[in-house]
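Architecture and fold: a report
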Amino acid sequence: MALLLAPAGSLKAAQAAFKAGADAVYAGLAGFSRGKNGMSLEELKSCLSVARNLGRRAHVALNVIPRHADKEELLRAVNLLAHAGAGGFILNDVGLIAHLARAFPAIPLYASVGCGAVNAEDVLFLEELGARGVILPPGISPAEVAYIRSRTSVELEVFLLAAVEPLRPGTCILGGYLHRGSPALGSARRGRYCGRACGAPWRLKAGAGQARSCRLSFSELDMAGEVLSYLKSGVTVFKLQGRHLSPEATGLTVQRYRRVLDQALAAFGQQKEGEVRAWGNSR
Amino acid sequence: MGQLEIELNTQVSTLEEVNARDLAPYQAVYLGNPYCPKHAGNLLENHRELAEAITRLKGMGKKAYVATPAAPRTGELGGVEKLVETAARAGADAVEAHNLGVVRLVHRRFPGLPVHTGCFANVYTDLGAAKLKEYGVRRVTPNYEVSLEEIHLIREAGGLEVEILLHGKMPLGLTNSCFLLNFPDHPCPQACREDFWLTTRDWVLKITGTVVWSGKDVCMLEHLPYLLESGYRAFRLETLYEPPEYRREVGLIYREALEHMAEGRELLWPAWLEMLKNWSRHGFCNGYYFGQAGRMYINQYGEPVSI
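Note that this is a predicted model, so its numbers are computed, not measured.

**Some points on the overall build of chain A**
When helices and strands are counted, chain A shows 9 helices and 12 strands. Against the globule reference of 19 Å for 283 residues, chain A gives a C-alpha radius of gyration of 20 Å, in line with a compact fold. Taken over the C-alpha atoms alone, chain A extends approximately 70 × 50 × 40 Å along its principal axes. Within chain A, the proportion of its 283 residues that are buried is 51%. The contacts in chain A between residues at least 6 apart in sequence include a share of 62% that link residues at least 24 apart.

What follows is the structure, encoded as structure tokens:
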């Protein structure tokens, strides 16, 4: 069964996502979640409650890597949220994944795209650590997914909609290099806002040559056209980025991809049925 | 201090760079460029030359570590396995992996071959380091945005050797595709022989095809006594994409500083820093070691200064 996983930057966005047909949402806990769209503990608990009442899932993004001093606070939050019905935790640190897999064996753990899994061995490594699912890099081809699927039984999650930044997920520490002065700016993986320094109007100078304007490339990834291929390759979760979206925009986005996924699921079902009939006829 | 086994190491991309004169200050060398298979002469793409490079280093009495591609896709893993097989057969002392899948692959296929993890393996916590130890990892380079305070904890709790970037440009991220391919007037692979700088406001970055680097050189010379007292023994001088003279001269300055410390001789900070400055176009920083913005420089007295 494939799930549509929608972003929830607020409780209202979560409600809008569910209304528009999301099977699950992911929301962050402020202070332990990348970006500026984390919820307070109380709001997050309400979000989990909404999901539970609808019979759907809510994952909690704890994709900031805690400093040593913050680790105990994070573990307390995990304990609390696990009891409040979190459908899973999205994590960015392999040590934390292994630790929580032992401490909370019943709670599904998902390796964030920031874990940098790009190949089948990465996914197997994360599976051995105890990850229930692995988020694959934006734009991964269905053929690569199919190969990974043949080697592992974890949930494989791909992006249908994502902002592709110039630096690969899991490698960028630019924000913390450039910014100083504001405690809110810095490394995204350490819980600060990176300020998207990569998007600045840069000038490129080659050796002693003239400088010229240049931009590091950003693009919006829309993989709607690949949904059927992804289904065939064994994708189990289709993720939409966009925790910054308003509730209205979240609803509209989910509606669009719900339609796309439902059409693909219907086509996939018919094809599977056709395959079964063909197999039956050949006997 | 003279009796301590201190390793200064560096990295070279090609066989041509494996020569006794430029590598004289170093006890160990990482071979190959993990960031770009198209880098001209990349040892990771020519296994015969890689084996020869390992033999040469051994002949010089140095340790030979072999890099592996930083972010190989599934289709490239077969090539990585052959690369590691070549390294193991030729007597490499360890392989370096930035990719956790490669760590797993080496552990399964070449048990007993030591693994060092590079900065992009994203070791941030003692929990992560301890887990990697179970996969045959002997040495970790924590992610460069981890502070020394946290690195101490990683070393103590993780039970692994830790490598510290002592000098040179710090990789800040890997691009999704080669950035320089956007500029046809700088064709591949010659473009990587030129220096490319990105500037805006008072920010400067260096960019090679697939890596964004700090514009400033990390310089921990003044903090070397503290690092030694803290128990670190493996130090990297990052010289990828630098000319051979940089590798030799910067290495010699650090070697001299280490000798002065070992023999209790006068520490010539101003002179050494002046000499190092000759090799730095945009000044020095300390990276993230002291918990500050990575492009700042803190001197041995704990004062932020511009240098």
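**Notes on the overall build of chain B**
Broken down by element type, chain B carries 8 helices and 14 strands. For 307 residues, the compact-globule estimate of 2.2 N^0.38 gives 19 Å, and chain B sits close to it at 18 Å. Along the first, second and third principal axes, the C-alpha set of chain B runs to 50 × 50 × 40 Å. Looking at chain B as a whole, 50% of its 307 residues qualify as buried. Within chain B, contacts between residues separated by at least 24 positions form 62% of all contacts whose residues are at least 6 apart in sequence.

**Details of the sheet that holds strand S9 (residues 196-200) of chain B**
Strand order in this open sheet of 6 strands is S10(A)-S9(A)-S9(B)-S10(B)-S11(B)-S8(B), and the pairing throughout is antiparallel. On the outer flanks of this sheet lie strand S10 (211-214) of chain A together with strand S8 (171-174) of chain B, each paired with one strand and no other. On average, adjacent strands in this sheet sit at an angle of 30° to one another, irrespective of strand direction. In the sheet, S9(B) pairs with strand S10 (residues 203-207) of chain B via 4 bridges, with the strands oriented antiparallel. For B:Thr200, the partnering residue across the bridge sits in S10(B) and is B:Trp203.

**Comments concerning the domain arrangement of chain A**
Residues and elements named next belong to chain A. As assigned here, chain A comprises domain 1 (3-165 + 220-281) and domain 2 (174-217). Taken over C-alpha atoms, the centre of domain 1 sits 29 Å from the centre of domain 2. Taken together, the contact pairs 9 residues of domain 1 with 6 residues of domain 2. For the side of domain 1 that touches domain 2, a count of residues per class yields 3 nonpolar, 3 polar and 3 charged.

**Concerning helix H4 (residues 94-103) of chain A**
The buried fraction of H4(A) is high, at 7 of 10 residues. Turning to H4(A), its buried residues number three or more, namely A:Val94, A:Gly95, A:Leu96, A:Ile97, A:Ala98, A:His99 and A:Leu100. Where H4(A) is buried, its residues touch helix H3 (71-83), strand S5 (88-91), strand S6 (109-111) and helix H5 (120-129) of chain A together with helix H3 (100-109) and helix H4 (126-133) of chain B.

**Some remarks on the interface of chain B and chain A**
Between chain B and chain A, the residue contacts involve 47 residues of the former and 45 residues of the latter. Counting only elements with at least two residues in the side of chain B that touches chain A, the list comes to H3, H4, helix H5 (148-158), S8, S9 and strand S11 (211-214) of chain B. At 6 residues, the largest contribution of residues to the side of chain B that touches chain A is made by H3(B). Taken together, the residues of the side of chain B that touches chain A sort by class into 23 nonpolar, 16 polar and 8 charged. Pairing geometry for strand S9 (residues 202-206) of chain A and S9(B), over 4 bridges, is antiparallel. Across the sheet, the residue bridging to A:Arg203 is B:Thr199, located in S9(B).

**Points about the pairing of S10(B)**
Residue and element names in this part refer to chain B. Between the antiparallel neighbours S9 and S10 lie 2 residues, among them Arg201 with a positive phi of about 45°. In this sheet, S11 lies alongside S10 in antiparallel orientation, the contact comprising 3 bridges. If you follow Ile207 over to S11, its bridge partner there is Val212. Joining the antiparallel neighbours S10 and S11 is a turn of 3 residues.

**Overview of the environment of B:Ala28**
All names here are of chain B. Inspection of the secondary structure puts Ala28 in strand S2 (residues 28-31). Separated by 251 residues in the primary sequence, Ala28 and Trp279 have C-alpha atoms spaced 22 Å apart. Sequence-distant contacts of Ala28, that is, excluding residues within four places in its chain, are made with Glu7, Asn9, Lys62, Lys63 and Tyr65.

**Observations regarding helix H6 (residues 142-151) of chain A**
Residues and elements named next belong to chain A. Every buried residue of H6 is listed here: Pro142, Val145 and Ile148. For H6, the buried positions fall inside an angular range of 120° around the axis, keeping them on one side. Exposed residues pointing more than 90 degrees away from the buried face of H6 are listed as Ala143 and Ser150.

**Quick look at the nonpolar core**
Core analysis: the largest hydrophobic core is formed by 181 residues, its most contacted members being A:Val25, A:Ala27, A:Leu62, A:Ile97, A:Leu174 and B:Leu31. Taken together, domain 1 (3-165 + 220-281) and domain 2 (174-217) of chain A each give at least three residues to this core, which thus spans both.

Cut-offs applied
Residues numbered from 1 in each chain as written. Chains lettered and ligands numbered in written order. Predicted model: local features only at pLDDT ≥ 70, side-chain atom pairs only at ≥ 80, totals over all residues. Helix = DSSP H or I, 4+ residues; strand = E, 2+ residues; numbered from the N terminus. Rg over C-alpha atoms; globule rule 2.2 N^0.38 Å. Buried ≥ 20, exposed ≤ 12 C-beta atoms within 10 Å, placed from the backbone. Contact = placed C-beta atoms within 7 Å. Pairing = 2+ DSSP bridges. Axes fitted to C-alpha atoms, helices over the stretch in contact; angles between N-to-C directions. Domains from an automatic or database assignment. Nonpolar A, V, L, I, M, F, W, Y, C, P; charged D, E, K, R; others polar. Arc of directions from axis to C-beta. Core = buried A, V, L, I, M, F, W, Y, C linked by C-beta atoms within 7 Å.

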